[in-house]
Amino acid sequence: MKYNFKTKQFSEIETAPKKLAIAGSDRDIDWDTLKTKTEQLVKVFNEIGIPNGHPVIIYGHKEYLFPLAILACIHSNTTYIPIDKIYPIDRIKKIIEKTGSQILINCSEETLDINIAITINSSFNTTVNFIPDYSNKIYGIPEDPLQYIMFTSGSTGEPKGVQITQNSILTFLNWAQKDFGFCSDDVFMNQAPFTFDVSLCDVLNSFSHGGTLVLNSTNIVKDQEAFFKRLVNYKCSVWTSTPSFAYLFLRHPDFNAEKIYTIKTFLFMGEELPNRTCSILKKSFNDVRILNAYGPTEATIVTTLVEITDDVISKYPMLPIGFPMPASKIVIEKLDPNDKEGELIIVGEHVSIGYFKNDELNKQKFFLHEGKRAFKTGDLAYYENEMVFCIGRNDDQVKMHGFRIELNEISNVLCKNDLISDAVTIALKRNNEVKKIVSFVIVKEPIQKEELNQHLVAFLNTTLPYYMIPGDLVTVGSFPYSTSHKIDKNKLIEDYLKQQFNN
Ligand code: AMP
């Protein structure tokens, strides 16, 4: 059995209904159960009367129900917002307040301290806290309904919601089904939180091919040997992750083709894929296929793809991000026609219709190119041998351990604290890789460093996910300024490193 995302039907129902569809962190279900339970959940949606275009929150981590709920939303034209447990409750409340969502599917067994009209629990029982109010809370357009809103770090201090429509998903899937080289025998290792579309890639690939999706919670992954055993037991053949996630295992003596003999493909996305990571992988998994895919959340999962062969590894110290998907176009917008590189612009139907209720930013980042939706990525890139190479960013967005972070979001949240009058956040990099995030703050009143740190970390933890908490908080009397009247970040880093060295 598999799922046809175009016709919105389970197809080939008679084939292998007992084949494993999802191995969750809590429970395994076969394709027959996936179909029955998806239809049951859609029935619950109908009973509640969720209007088309009203966003439903899906909350949880790696329970079998999370991808099932995503499928039920897709199956029933229901817009969803995925929220992983890594988000602090205040961030979730902000998202609910901003979108006006009245319904939450709780895939976990946790009780949430959230004031929302209706909760659907993991047994599909509903609790009505108050009568839902859908007025002015129905979004998207009937011609191409909104499928999901994915919240990502926003420079203003608030997360921003990327809106993706059904046609965008189909555009991505048309390409992925043909060019990624997966089939119904594939078993997909899924680990990234569902708040990131790296995770959605496995869900769509697995369901559309009729494969198996193996979900791995943070706890499962922490125990590396148990995680490896799980990969072999479930015969995982496709490993999808950020390069940073794979890096955690590279030096483990069992991370090789002898021990984890089921893996056939490593599909990387979400951040720069270092050449040395591929060289090590090729040595430990000699027959494996390595794919590098690139794309921001704003353009439905990924837009370019390339296989990293031995030739590519030896020819390009900085690996290419690959060839654009045929239904898209990548334009390099150069400041000067003689420049080699410029800003990478993505054009195509898979480009988001814009950030949720954020006209100002939408005007800056989204536009029409030859009548098609286009997004200014902020990535700097160039073409060589028909492939795109990405060399960095033109703004303050960084990736740390594969997580997307707007440094200004951290500074803006710090400035909301009563003790702080100003803040600036900088990423310390080595070989283009972010090693540490440091926030420099100016305090309103003198305060002991220890006390300030404790207070600020506790404060940040209430609104920011753990991966956005700076590695260090440094008090300064004032910020140095460059001749162009901008904060001199280089000087701040220089002074910080000197101080670290002296200590
Ligand atoms: P996200 O929206 O979290 O997927 O982050 C998108 C950003 O991550 C892109 O705009 C790039 O800056 C970076 N990125 C994603 N994939 C790659 C890749 N394969 N190589 C280099 N950078 C990447």
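Note that the structure is a prediction, hence the values are computed from the model and not measured.

Turning to the overall build of the protein, a few remarks are in order. In terms of regular secondary structure, the protein is built from 14 helices and 29 strands. The globule rule puts the C-alpha radius of gyration for 503 residues at 23 Å, and the 23 Å found for the protein is close to it. Reported as C-alpha extents along the three principal axes, the dimensions of the protein are approximately 70 × 60 × 50 Å. For the protein, buried positions account for 57% of its 503 residues. For the protein, the computed accessible surface area is about 22000 Å², with 49% contributed by carbon and sulfur atoms. Computed over 53 positive and 61 negative side-chain charges, the inter-centroid distance for the protein is 1 Å.

It is worth spelling out the domain arrangement of the protein at this point. The domain boundaries assigned to the protein delineate domain 1 (19–310), domain 2 (321–392) and domain 3 (401–502). Once you take the C-alpha centre of each, domain 2 and domain 3 turn out to be 30 Å apart.

Bringing the pairing of strand β24 (residues 387–393) into the picture now. Each regular strand displays side chains that alternate between the two surfaces of the sheet. Here strand β23 (residues 372–384) runs beside β24; their pairing, made up of six bridges, is antiparallel. Residue tyrosine 383 lies in a different strand from β24, and its bridge partner there is valine 388. Hairpin geometry of β23 and β24 is characterised by an intervening segment of two residues between the two adjacent antiparallel strands and by a positive phi of about 50° at asparagine 385.

All right, on to the site of the ligand then. Contacts to the ligand come from 15 residues, most closely from Ala293, Thr297, Asp379, Lys399 and Arg404. The side chain of asparagine 292 places a nitrogen or oxygen atom 3.1 Å from a nitrogen atom of the ligand. Arginine 404 places a polar side-chain atom, nitrogen or oxygen, 2.6 Å from an oxygen atom of the ligand. In isolation the ligand exposes 490 Å². Once the protein is present, 93% of that is buried. When residues of the shell around the ligand are assigned to their parent elements, the largest contribution, three residues, is made by strand β16 (residues 289–294).

This paragraph deals with the sheet that holds strand β28 (residues 433–443). The strand order across the open sheet formed by three strands is β27-β28-β29, and the pairing between neighbours is mixed. The two strands at the open ends of the sheet, each matched to only one other strand, are β27 (420–430) and β29 (472–475). Ignoring strand direction, the axes of neighbouring strands in this sheet form an average angle of 25°. Bridging between β28 and β29 involves four bridges; their strand directions are parallel. Directly across from phenylalanine 440, in β29, lies its bridge partner valine 474. Docked against the sheet, helix α14 (residues 489–502) engages β27, β28 and β29, running at close to 75° with respect to β27.

If you look at the biggest cluster of nonpolar residues, it comprises 82 residues, and the most contacted ones within it are Leu34, Phe180 and Phe207. No other element matches helix α2 (residues 65–75), which puts nine residues into this core. Domain assignment of the residues forming this core places at least three in each of domain 1 (19–310) and domain 2 (321–392). With residues near it in sequence (within four places) discarded, leucine 34 still touches Phe10, Ala21, Ile22, Ile29, Leu68, Leu71 and Phe207. The next biggest cluster of nonpolar side chains, apart from the first, holds 42 residues, and it includes Tyr59, Phe356, Val443 and Leu452.

For the structure on display, the rule yields 22 salt bridges. A salt bridge links lysine 2 to glutamate 12, with the nearest nitrogen and oxygen atoms 3.5 Å apart. Of the two residues, lysine 2 is situated in strand β1 (residues 2–4) and glutamate 12 in the loop between β2 (9–11) and β3 (20–23); the sequence distance between them amounts to ten residues. Salt bridges here are not isolated pairs; linked through shared partners, they connect Lys18, Asp30 and Asp32.

A separate point is the sheet that holds strand β4 (residues 28–30). In a beta sheet, neighbouring strands pair by backbone hydrogen bonds and run either parallel or antiparallel. The sheet built from nine strands is open, its strands ordered β4-β3-β13-β12-β14-β15-β16-β17-β18 with mixed pairing. Strands at the two margins of the open sheet, each flanked by one partner only, are β4 and β18 (323–324). Helix α5 (residues 197–209) contacts β3, β12 (187–190), β13 (212–215), β14 (238–241) and β15 (265–268) of the sheet and is inclined by roughly 165° relative to β12.

What follows covers the packing of helix α1 (residues 31–48) against α2. Two elements in contact, α1 and α2, have axes separated by 9 Å at closest approach and are oriented at 60°. Classed by the angle they form, the pair α1 and α2 counts as oblique. In this structure, α1 meets α2 at a crossing whose hand is right-handed. Seen from α1, the contacting residues are Leu34, Lys37, Thr38, Leu41, Val42 and Phe45; seen from α2, they are Leu68, Ala69, Leu71, Ala72, Cys73 and His75.

Further remarks concern the side chain of serine 101. With respect to the helices, strands and loops of the structure, serine 101 is situated in the loop between α3 (89–99) and β7 (103–106). There is a polar contact of 3.3 Å between the side chain of serine 101 and the backbone oxygen of isoleucine 103.

Our next topic: the side chain of serine 241. Here serine 241 shows up in strand β14. In this structure, serine 241 is in contact with Gln191, Val198, Ala246, Leu267, Phe268 and Met269, ignoring residues within four places of it in sequence.

Take arginine 91: it is sitting in helix α3. The spacing of arginine 91 and asparagine 461 is 370 residues in sequence and 10.0 Å in space, taken between C-alpha atoms. When sequence neighbours within four positions are dropped, the list of residues in contact with arginine 91 reads Ser153, Pro159, Glu409, Thr462, Thr463, Leu464, Pro465 and Met468. A distance of 3.4 Å separates the side chain of arginine 91 from the backbone oxygen of threonine 463, its partner in a polar contact.

Cut-offs used in this document
Residues numbered from 1 in each chain as written. Predicted model: local features only at pLDDT ≥ 70, side-chain atom pairs only at ≥ 80, totals over all residues. Heavy atoms only, no water. Helix = DSSP H or I, 4+ residues; strand = E, 2+ residues; numbered from the N terminus. Rg over C-alpha atoms; globule rule 2.2 N^0.38 Å. Buried < 20%, exposed > 50% of the residue type's maximum accessible area, 1.4 Å probe, protein only. Areas by Shrake-Rupley, 256 points an atom, 1.4 Å probe, with all protein chains shown as cover. Lys, Arg positive; Asp, Glu negative; His and termini not counted. Charge placed at Lys NZ, Arg CZ, Asp CG, Glu CD. Domains from an automatic or database assignment. Pairing = 2+ DSSP bridges. Near = heavy atom within 4 Å. Polar contact = N/O pair within 3.5 Å; in protein donor to acceptor, adjacent residues only side chain to side chain. Axes fitted to C-alpha atoms, helices over the stretch in contact; angles between N-to-C directions. Contact = heavy atoms within 4.5 Å. Core = buried A, V, L, I, M, F, W, Y, C linked by side-chain atoms within 4.5 Å. Salt bridge = Lys/Arg side-chain N within 4 Å of Asp/Glu carboxyl O. Parallel < 35°, antiparallel > 145°, perpendicular 65-115°, else oblique. Left-handed = near helix turned anticlockwise from the far one by under 90°.

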